[in-house]
Structures are given as C-alpha cells and as structure tokens.
Amino acid sequence: MSKQVRLIPPLTDEMVKTLVMGDQVLVSGVIYTARDAAHKRLMELLDAGKQLPVDFKGQILYYVGPSPARPGRVIGAAGPTTSTRMDVYTPTMLKLGLKAMIGKGKRSLEVLAALQEFTAVYLGATGGAGALISKCIKAAEVVAFPDLGPEAIHRLEVENLPTIVINDCHGGDLYELGRREYARGR
Amino acid sequence: MRQIEVQTIIAAVKNAAITANYEQDEDMLAAFARGEKEEESPAGREIFRQLLENARIAREERIPLCQDCGLAVIFAEVGQEVHFVGGDFEAALQEGVRQGYREGNLRKSLCHPLTRQNTGDNTPAIIHTDIVPGDRLKLLVVSKGGGSENGSRLFMLKPAEGLAGIKDKVVATVAEAGPNVCPPMIVGVGIGGNFERSALLAKKALLRPLSDSHPDKELAALEKELLTAINDLGIGPSGLGGRLTALGVKVLMQPCHIASLPVAINIQCHSSRHQEVVL
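Residues numbered from 1 in each chain as written. Chains lettered and ligands numbered in written order. Predicted model: local features only at pLDDT ≥ 70, side-chain atom pairs only at ≥ 80, totals over all residues.

(A) Here's a closer look at the overall build of chain A. Scanning chain A for helices and strands turns up six helices and seven strands. Reading chain A from its N terminus to its C terminus gives the helix and strand order β-α-β-α-β-α-β-α-β-α-β-β-α. In terms of overall dimensions, chain A is globule-like: its C-alpha atoms have a radius of gyration of 16 Å, near the 16 Å expected for 186 residues. Viewed in the frame of its principal axes, chain A has a C-alpha envelope of about 50 × 40 × 35 Å. Every one of the 186 residues in chain A was classed for burial, and the buried ones make up 50%. For chain A, restricting intrachain contacts to residue pairs at least 6 apart in sequence, the fraction spanning at least 24 positions comes to 63%. (Helix = DSSP H or I, 4+ residues; strand = E, 2+ residues; numbered from the N terminus. Rg over C-alpha atoms; globule rule 2.2 N^0.38 Å. Buried ≥ 20, exposed ≤ 12 C-beta atoms within 10 Å, placed from the backbone. Contact = placed C-beta atoms within 7 Å.)

Here you go:
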C-alpha cells in the first residue's frame, strides 16, 4: 500500500529504495531546477571536460520554469513541465549521482532502465498547479545560466512540496498501473 | 464608419491576457467541482481538489494559474464598419500582449526555433482575423500552454478511413499524450477543410463553452461517443488513473476536397485560459 513520506535531500540509495510507486512524498529542503535548455548546457560543459555549476550527487532536480516573481515575492507560479523533453539527458544526470526528479508526464524506456541501474526515483507533481506549488517555495536564487531566464538553474528552498512516486527504482510505473486499473473495454 | 482607437485595443488585450492567467473561468471551476465529487479514483479526486485550490490561490494571491503562461493566440472578429485610428491594428494587438505579459508578471515563453533565444516579451502572438458584418470588434485572447500543444496531432486520412478512422486517430492521440498534457483535458477536433484549416477548426472548437454540445445532432453524438471512448482509456486526472481523462470533446467540421479527409486534434490542458472582449 502507498504511504506518506517526507523527503529531504541529500538522498542515499537506501532512502530511494524505500520509495514505491504511489507513495505520497512531501519534499522539503534544497532542490535545483532545470529544463531542457539548462540540461543541454550541462552536457556541453561535461563534453568540454569542465566542472558543473552544481554537484548533483544525492540531489533532487525539479523540471520547472517559473513565472516571474512579483516585487516582494520569492517566485511566481512554479508547476512542473513535461519531463520527456529531458529524457535524452537524464541517464547522464543519473550517472552523475542525481537521485530524484520532479516533473510530469511519461519517461522514456531508457530513463526507466536508468532509474533501476542508478537507484533513482521519478516523482510527479501536479501539472498546472503552478500557484499552489508556488506556496511551498520559501527561497529561490539563480545559480547558473542566468541568460536562460525562466530556464536558468535555480536553487529552491521548499517546504512540503507535494509529489507522488511515478517510477520507482524497482521498475514500478504508477501511470501504467493507474491507467490499467481504470481502463474499460477496447 | 465607427472609429476605434488602437490605444483602446492595446489596453483591452493587456487586461484580457492578465485576467485569463489569474482567473480560471466559471465553466472550468464548475467542471473541477463536479470532478472532485464524481471521479472514482481517490488520487484523481485529490487532483481536482488541488486544481480548485490552485484557482483560489491564483485569484486571491495574484500568482498565475500555471507557470506556462502560454503563447498568446488572438482571435479577432472585425466588423466591416470599423475604422481603426491612431496606429496599426496588428501592432496594437502585439503591444497589448507585450504589456500584459510584462505588467502581469507572466512568463515569456517564446523563442527563436533554432537558437532558442527568448524573444523577451512573449511576442509575436498568433493572430487570426475574420472580417464580419457590423461595427464591433470582438477579441478573444487565449493563453495556450506548450505541453498540451505538443500532444496535438494532424492527420491527412484517406476518405475510405471515414468516421471510424477519425475516431481511432482522436483516441490514439489522447492515449499517446496521456499524462504529458495535464489531464483532465479538453479535446478539440477539426474535421475537413484542408491541411491548415483543420488545425484552426480544432483550436476554435476548444473555445466553445465547456458545457455546450454541437448544434448538429450527429456531431453532438460523435462528441459524446469520443468523450466516452477517451474516458474509457483510464488515464485520469494527472495521469494517475481514473474516469475523467477529458472534461469535454468539441468538434468543428466543414467540407473538404474529394481526395482528402483532414482531421486535427488540438489538446487543451485543464488550465484553459481565454478572455473575450467586445469593443
């Protein structure tokens, strides 16, 4: 049965292994953001043998491009973007030690295999709940690629960001399970 | 000729873009409230609860409904007795979008397709203009998210594939899109016309009120049948499994070439944002 878990990075393999598809996970602490444009930059740095602006070992990456903060606010709307655009870069990120990703939507077979190989987890946040999720973000700063604007890498301090385990490191796939449970006929 | 100052148009577009991104329309809120009651899956009910809460926070605390504040699409119906003064009509629409996205703290999500350099002000908006009888200007400002647009498809079917082929493509497109397009979704289907017109019909279909059904009996039945078939997929809110994958299916149709059967499927996420202004 699914359980409620509080997760604070850095994450270890042992922590990741306890997470099972369907678990409700509240994420707190420091997480990093990146969309595909930032991933591409990271890959270019790796290819050039340069150091990355963030050490992703044990970290959680949130696929989000927030809307601008109003004066006096930390951040604007900040819901997840579609994860599949990052699929091509994800196995490399997991090899670097990244332990969890927050996004929405299906991942590629290569990513699902890499989650098992590198003991990592894919968490889903509610797509389109940008205002709701914004309330969980207590601090935000750009730490790399500021020229990318909303696509820059941000360091976020979050409190109880609500997510659910979509793909665990044991091969579990909540999208597939959920769909099958409610599919009819055809 | 009735004169309309383009400054009025700029202000109207600006306000419409801002309102659309902060205030979920009643149609959608009613559908969320219904979903929270009727969805069988507990995870799905929780998503509806979150969407209602999200809409409340957006309205009260002035945080956009979604961080993807969309590409602005403007449908303009220009009365043929209208005379624009004080500037260029299309430039005014673009300026309205520019001001709305800047002053409304909305995300600028447009870029050069190849360099991916952001244009910085969310322009150019996509503008569709129709000339109609009368002396009014009707503007429908739409903020269309990228995720649901990516899940949309266009097919040039063989006429022999007929209605069965159309249904297959609609359901297959939704099945493939699944959780990626932020369900519960609205599905716009454009049948006929030609290559580009079918896509436009699909997009226009999304602008119909969620609660209406097609005035043509057969197309109304088709909408209902497609909605059932889509909801039988089991994808559910947020893709977590459930009965409510789509909140509505809207079809628009027009004649096509004897050699063709174009069908376009435009998907709208649950963050359906549009505002109408009549000047």
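(B) Summary view of the nonpolar core. In terms of nonpolar packing, the biggest core is built from 127 residues, with Val121(A), Leu123(A), Val13(B), Ala17(B), Val187(B) and Val189(B) touching the most fellow members. Take this core: its biggest share by element is nine residues, from helix H1 (residues 6-22) of chain B. Of the domains in this structure, domain 1 (2-20 + 65-144) and domain 2 (147-271) of chain B are the two that each give at least three residues to this core. Val189(B) has contacts with Val170(B), Ala202(B), Ala205(B), Val249(B), Lys250(B), Val251(B), Val263(B) and Ile265(B), leaving out every residue within four places of it along the chain. (Core = buried A, V, L, I, M, F, W, Y, C linked by C-beta atoms within 7 Å. Domains from an automatic or database assignment.)

(C) Broad picture of helix H4 (residues 109-117) of chain A. Residues and elements named next belong to chain A. The complete set of buried residues in H4 reads Val-111, Ala-114 and Leu-115. Angularly, the buried residues of H4 cover 105° about the axis, an arc narrow enough to put them on a single face. Exposed residues lying more than 90 degrees from the buried face of H4 are Leu-109, Glu-110 and Glu-117. One or two residues past the end of H4 sits Thr-119, with phi positive at roughly 55°. (Arc of directions from axis to C-beta.)

(D) Representation of the environment of Gly29(A). Residues and elements named next belong to chain A. Structurally, Gly-29 is set in strand S2 (residues 24-33). Since 16 C-beta atoms lie within 10 Å of it, Gly-29 is described here as partly exposed. For Gly-29 and Pro-10, which are 19 residues apart along the polypeptide, the C-alpha to C-alpha distance reads 9.0 Å. Those residues in contact with Gly-29 that sit more than four places away from it in its chain are Ile-8, Pro-9 and Val-158.

(E) View of the domain arrangement of chain B. All names here are of chain B. Looking at the assigned domains, one finds that chain B contains domain 1 (2-20 + 65-144) and domain 2 (147-271). Measuring from the centre of the C-alpha atoms in domain 1 to the corresponding centre in domain 2 gives 26 Å. Grouping the constituent residues of the side of domain 1 that touches domain 2 by class yields three nonpolar, one polar and two charged. (Nonpolar A, V, L, I, M, F, W, Y, C, P; charged D, E, K, R; others polar.)

(F) Inspection of the interface of chain A and chain B at higher detail. At the interface, 42 residues of chain A touch 40 residues of chain B. Of all the elements in the fold, those that place two or more residues in the side of chain A that touches chain B are helix H5 (130-134) and helix H6 (174-182) of chain A. Looking at the side of chain A that touches chain B residue by residue, the classes come out as 16 nonpolar, 17 polar and nine charged.

(G) Representation of the packing of helix H6 (residues 162-177) of chain B against helix H8 (residues 217-231) of chain B within the structure. Residues and elements named next belong to chain B. Their axes nearest at 10 Å, the elements H6 and H8 cross at an angle of 35°. Relative to H8, the crossing made by H6 is right-handed. Every residue of H8 that contacts H6 at Lys-167, Val-170, Val-171 and Val-174 is listed here: Leu-226, Ala-229 and Ile-230. Here the residues of the contact of H6 with H8 sort into six nonpolar, no polar and one charged. (Axes fitted to C-alpha atoms, helices over the stretch in contact; angles between N-to-C directions. Left-handed = near helix turned anticlockwise from the far one by under 90°.)

(H) Highlighting the packing of H1(B) against helix H4 (residues 89-103) of chain B. All names here are of chain B. With their axes 7 Å apart at the nearest point, H1 and H4 run at an angle of 40° to one another. Between H1 and H4, the crossing angle belongs to the class labelled oblique. Crossing handedness for the pair H1 and H4: right-handed. Along the contact surface, H1 presents Val-6, Ile-9, Ile-10, Ala-12, Val-13, Lys-14, Ala-17 and Ile-18, while H4 presents Phe-89, Ala-92, Leu-93, Glu-95, Gly-96, Val-97, Gln-99, Gly-100, Tyr-101 and Glu-103. Here the residues of the contact of H1 with H4 sort into 12 nonpolar, three polar and three charged. (Parallel < 35°, antiparallel > 145°, perpendicular 65-115°, else oblique.)

(I) Spatial organisation of the pairing of strand S5 (residues 137-144) of chain B. All names here are of chain B. Taking burial as the measure, the eight residues of S5 include six buried ones, the bulk of the element. Of the strand pairs in this sheet, strand S2 (residues 71-79) and S5 are connected by eight bridges, and their pairing is antiparallel. Within the sheet, the bridge partner assigned to Phe-75 lies in S5 and is Leu-140. Sheet topology places S5 next to strand S10 (residues 273-278); six bridges connect them, and they run antiparallel. Residue pairing across strands places Lys-138 opposite Val-278, the latter belonging to S10. (Pairing = 2+ DSSP bridges.)

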